[in-house]
Amino acid sequence: MPISSQHRNFMVRGVLYMLAMCVPIIVSQALNKPEIALLGALGALFALFIAPRYSPLPRVLCIGAGGLLVCSAASVGVLTQGNNDLALIPLILFSWLAALPRPDQAYLSLVVKNMAAAALLTHFGMANSLAAAELFMAGLAFGALLSVLGIQFGSGQGDGASPFEEFKAFKSGAMNGYLFGMAVPLTVLICTLAARFLNFSHPAWVGLTVLFVMHSNGATELRRIRDRALGTVLGVIAAAPVVFSITIPLPLAITIGLAALFIPYAQAGHYMLFSFIITFIVLLLIDLAMLNAGGDISLLSWRLLDTILACGGVLISNMILRLIERRRNHK
């Protein structure tokens, strides 16, 4: 029985994601530089996420532009280090910008959300050096190469607007409503401040979780918010036994690679599965990068608390949005 074009696309892209995760890990082990596993893999993952269904040259240019924007945002986070109050300004700005692109403007949405993530992470002292930016961009270049090579095997050209068309539509006013645009940064701000007040280990994780969970298809679709939130929590829970039981790189790399195979299928509208896989992979990458220091075992419980606080904030925020929308419709 011949393989359908959709299944072929899933299979090819799954292999690309697996390579994007495993090759940086192999390089990191060969050079004994654990940071390559995390930053290189995240760069490659980001490149494959934002890769538009477009011809090779514009595709590579768009991936490169997205990477440079993320690194530029990271530099803003470096400038705000040591002043948590000052950091609230770029946090609110980037979160607001991340909320404006519509669900069909996938490139713009992912780039700006990752800009917000970069600013937050560097502010809290995570990956805040020029060397870290270089590793991320190296991973990005590798991801761009994989994306272009995938075209030859049936993963590439497709339907949908190009980033240039997305940006043109965005400038013409095709964006989410201003109510949602303000709700996202306000929720990020409140949850981050709550995490600081409760002395969470890394308040940045709370803000990041809010940003990626809340910005889904539709401000008031609680089912999709539920799926993303539950998938994130389950990802943390599933990562726990792996982190506790595996303390050598090879099994972790195999687990990450196998999980990455299912990313394309999860991207096709399976919101809970997608959130589960991405959370699971990122936590294992962090643990892999920290193996020399004992892994991420001591911080894993914080990840779960971060997720619960953030998802609770997202749920309350979206319920308020629903209430506002209902009152508007009744007028």
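Above this text you will find the structure in question.
Rules of the game
Residues numbered from 1 in each chain as written. Predicted model: local features only at pLDDT ≥ 70, side-chain atom pairs only at ≥ 80, totals over all residues. Heavy atoms only, no water. Helix = DSSP H or I, 4+ residues; strand = E, 2+ residues; numbered from the N terminus. Buried < 20%, exposed > 50% of the residue type's maximum accessible area, 1.4 Å probe, protein only. Contact = heavy atoms within 4.5 Å. Areas by Shrake-Rupley, 256 points an atom, 1.4 Å probe, with all protein chains shown as cover. Phe/Tyr/Trp six-rings, centres within 6.5 Å; stacked < 30°, edge-to-face > 60°. Expected span 1.5 Å × (residues − 1). Axes fitted to C-alpha atoms, helices over the stretch in contact; angles between N-to-C directions. Parallel < 35°, antiparallel > 145°, perpendicular 65-115°, else oblique. Nonpolar A, V, L, I, M, F, W, Y, C, P; charged D, E, K, R; others polar. Disulfide = S-S within 2.5 Å. Core = buried A, V, L, I, M, F, W, Y, C linked by side-chain atoms within 4.5 Å.

**Student:** Tell me about the overall build of the protein, and name the residues and values.
**Tutor:** Counting its secondary structure elements, the protein contains 14 helices and zero strands. Counting helices and strands in the order they occur from the N terminus, the protein gives α-α-α-α-α-α-α-α-α-α-α-α-α-α. The proportion of buried residues among the 331 residues of the protein is 50%. A separation threshold of at least 6 residues defines the contact pool for the protein, and within that pool the share at least 24 residues apart is 80%. Total accessible area on the protein stands at roughly 15600 Å², and carbon and sulfur atoms take up 69% of it.

**Student:** Tell me about the packing of aromatic side chains, and name the residues and values.
**Tutor:** Summed over all chains, the structure comprises four aromatic pairs. Residues Phe46 and Phe136 carry aromatic rings whose centres are separated by 6.0 Å and whose planes lie at 35° to one another, so their mutual orientation is tilted. Highlighted residues: Phe46 in helix H2 (residues 34–50) and Phe136 in helix H6 (residues 130–151), separated in sequence by 90 residues. The class of Phe46 is buried, set by a relative accessible area of 4%. Taken together through their ring pairs, the aromatic side chains of Tyr17, Phe49 and Phe274 make up a single cluster.

**Student:** Could you give me a rundown of the environment of Gly150, with the residues and numbers involved?
**Tutor:** Among the secondary structure elements, Gly150 is positioned in helix H6. In this structure, the C-alpha to C-alpha distance between Gly150 and Arg13, residues 137 residues apart in sequence, is 7.2 Å.

**Student:** Explain helix H3 (residues 56–79) residue by residue, including any values.
**Tutor:** Over its 24 residues, H3 extends 35 Å from the first C-alpha to the last, a length consistent with the 34 Å expected when each residue adds 1.5 Å. For H3, the complete set of buried residues consists of Pro58, Arg59, Cys62, Ile63, Gly66, Gly67, Val70, Cys71, Ala73, Ala74 and Gly77. In the core, the buried residues of H3 are packed alongside H2, helix H4 (84–99), helix H5 (106–123), H6 and helix H7 (163–171).

**Student:** How would you sum up the packing of H2 against helix H13 (residues 271–289)? Please name residues and give values.
**Tutor:** The angle between the axes and the distance between the axes are what describe a pair of packed helices. For the pair H2 and H13, the least separation of the axes is 7 Å and the interaxial angle reads 155°. Looking at the two axes, H2 sits roughly antiparallel to H13. Taken together, the residues of H13 that come into contact with H2 (itself represented by Pro34, Ala37, Leu38, Ala41, Leu42 and Phe49) are Phe274, Ile278, Val282, Leu285, Ile286, Leu288 and Ala289. Taken together, the residues of the contact of H2 with H13 break down into 13 nonpolar, no polar and no charged.

**Student:** So what's going on with the state of the cysteines? Which residues, and what values?
**Tutor:** Tallying each qualifying case throughout the model produces zero disulfides. Here Cys191 stays unpaired: no disulfide links it, and the sulfur of Cys311, its closest cysteine neighbor, is 9.3 Å away. Since its relative accessible area comes to 9%, Cys311 is described here as buried.

**Student:** Break down the nonpolar core for me, with residues and values.
**Tutor:** Ranked by internal contacts, the top residues of the largest apolar core, which has 51 residues, are Phe46, Ile63, Val184 and Met214. No other element matches the 10 residues that H5 contributes to this core. Ignoring any residue separated from it by four or fewer positions in sequence, one finds Ile63 in contact with Ala47, Ile50, Ala51, Leu140, Ala144 and Ser147. Core analysis: the second largest hydrophobic core is formed by 41 residues, Trp205, Val242, Ala259 and Ile286 among them.

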